[in-house]
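Below are the chains, spelled out letter by letter.
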Amino acid sequence: MPGIEFFGDEERREVMDVLETGVMFRYNHDTERKGHWKAREFERAVADFVGAKHAHSVSSGSTAVACALAACGVGYDDEVIVPPFTYIATIEAVLWAGAIPVFAEIDETLNLSPEGIAAAITPKTKAVLLVQMCGAMGRMEEIVQLCADRNVMLIEDSAQALGASYHGKFAGLWGRMGCYSFDYFKITTCGEGGVVVTDDEQLYRNADMFSDHGHDHIGNNRGAEQHPVLGINFRIGEFNAAVGLAQMRKIKQFVEIQRKNKDRMVAALQTSRLVEFRHIPDESGDSATFLSFFLPDEATARLVVEEMKAQGLDAFQYWYDNNYHYIKNWDHLTGLKTLNPMPIEQQARPQDWSNIRQYVPKSDNLISRLISLQVKIGWTDEQLRERCEKLKNVLETVARKVSVPV
C-alpha cells in the first residue's frame, strides 16, 4: 500500500488549497475557487502519466467500472466476460448495468487467458472486462487480437494495475476504456476515488455526463446546463482529488522502490524447489505491488500459509480463502442475495451459478496454490532483510515437511 506509506506535506498542501477557498464541489464556482481545480488537475496528472488523451475522475474504482460500462453502451441482457479472480466490484458493476457476467478461465498470469475468453464468447457477448490483478498484465496482444476478430469490445479494470505496462503501453490503454482505483489500499490513494481513461472523445463525454446526472458541463451556470442523457451521481469531491493529485506526483518513485524491493524478495525465494513464480509476459512492466507465486498443490500452499503465520510474517494473501476476491467464497453472488429485485434474477444465464466453479477448473487449481506477498515501500533495509530471511526459512521448513530437497 505505498500510497498511504508516503503521506505527508504534499497532500496537506493540496487539501489546504480547498479548505482555504471553501469550494469542495468539482464544478463551477469559478471566482470563489481562486484557480484551484483539483479534480481537473488530478485527471490531467493521470492522463499524462499513462499517456491517455482523456481522463475522468469519479468517486471510486467501482464507479469507474460502472461508468465505463455505461459509456460504452453495455447494458440490459448483454453478456460480459469476467474473471473468477477479481474484487467483487467488477461483477457488481456488470450486474448493476443489467448485463450478465460470464466467467472465463484465467492462466498463470492471473489474468483472463485468450483461450478462456474464446471459450466463453457467445452471440450475446458484448464485452470482455479484463482485470489486471496484483499489479501486472497478461497476454495483451493475443487478447486484443481475439476481441477484434470476434467483434467484442475490450474494457480494462486496471484497479490494481496503475503503473503496470506491457511493452511500454500502460494498463488501461489497450481497450476502449480503462479504469483505475484510488482507494485506501492502492498504489496511489485519494481515500476513495477512481479514474476512467480513453482516447475516444465521445466515450469521455459519455462518462463525464453519466457520472453527473447527465449534465453536459457546457458553460459556467450549472442550472442552465443541458442533460442529453440520464445519469447518476458518481462525482469525486475536491478533497479526494487534491490528495490524489499529490499522490500522482510520487507514483514513479513508488514503482521504482517497489521493483527494487520485489527483486530482493524474488532473490530470496527463487532457490526454493517449491516455488513457481507467476508468469508476467513483460517483467519490465510489472508495477511490483505484489510478489505472487504458486506452490505444488493446495495442501502445500496451506502449510506455507500456516508457517508464515507461525514466523510472524504479515502482508500476504492466500486468495483461495479470501471472501471478496475469489468466486469460491461469493455465495452472496451465486445465491443472488440482493436487497432489491435485479434483472439477473429473470435473465437466462449461460452458466449454472449453483456450481460456478465447474466452468473454471484451471482457475480453481491455480488460486488454490497461489500466495501473494505484498511489496511495501516503507520497509527499512533491515526490515526487508529480515523478511527475506523469514521467507526463506518458511519455505525450507515446509520443504522438509513435504520431503522436497531444500
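For the structure, check the block above.
Residues numbered from 1 in each chain as written. Predicted model: local features only at pLDDT ≥ 70, side-chain atom pairs only at ≥ 80, totals over all residues. Heavy atoms only, no water.

### Description of the environment of Glu32
If you trace the backbone, Glu32 turns up in the loop between α2 (9-21) and α3 (38-50). Take Glu32: its relative accessible area is 45%, and that puts it in the partly exposed class. A C-alpha to C-alpha distance of 6.5 Å links Glu32 and Thr21, two positions 11 residues apart in sequence. Once residues lying within four places of it in the same chain are set aside, the contact partners of Glu32 are Thr21 and Val23. (Helix = DSSP H or I, 4+ residues; strand = E, 2+ residues; numbered from the N terminus. Buried < 20%, exposed > 50% of the residue type's maximum accessible area, 1.4 Å probe, protein only. Contact = heavy atoms within 4.5 Å.)

### Quick word on the sheet that holds strand β11 (residues 290-294)
If you walk across this open sheet you meet the 4 strands as β10-β11-β13-β12, and the pairing is antiparallel. The two strands at the open ends of the sheet, each matched to only one other strand, are β10 (276-277) and β12 (316-317). Bridging between β12 and strand β13 (residues 370-374) involves 2 bridges; their strand directions are antiparallel. Paired with Gln317 across the strands is Ser372, a residue of β13. (Pairing = 2+ DSSP bridges.)

### So, the nonpolar core
In terms of nonpolar packing, the biggest core is built from 78 residues, with Phe85, Phe103, Ile155, Met265, Met308, Ile371 and Leu373 touching the most fellow members. Those residues in contact with Leu373, other than ones at most four positions away along the chain, are Met265, Leu269, Thr289, Phe290, Leu291, Phe293, Met308, Ala315, Phe316 and Leu391. One finds Val46, Phe170, Val243 and Ile377 within the second-largest nonpolar core, a separate group that totals 26 residues. (Core = buried A, V, L, I, M, F, W, Y, C linked by side-chain atoms within 4.5 Å.)

By themselves, these figures tell us nothing about what the structure is for.
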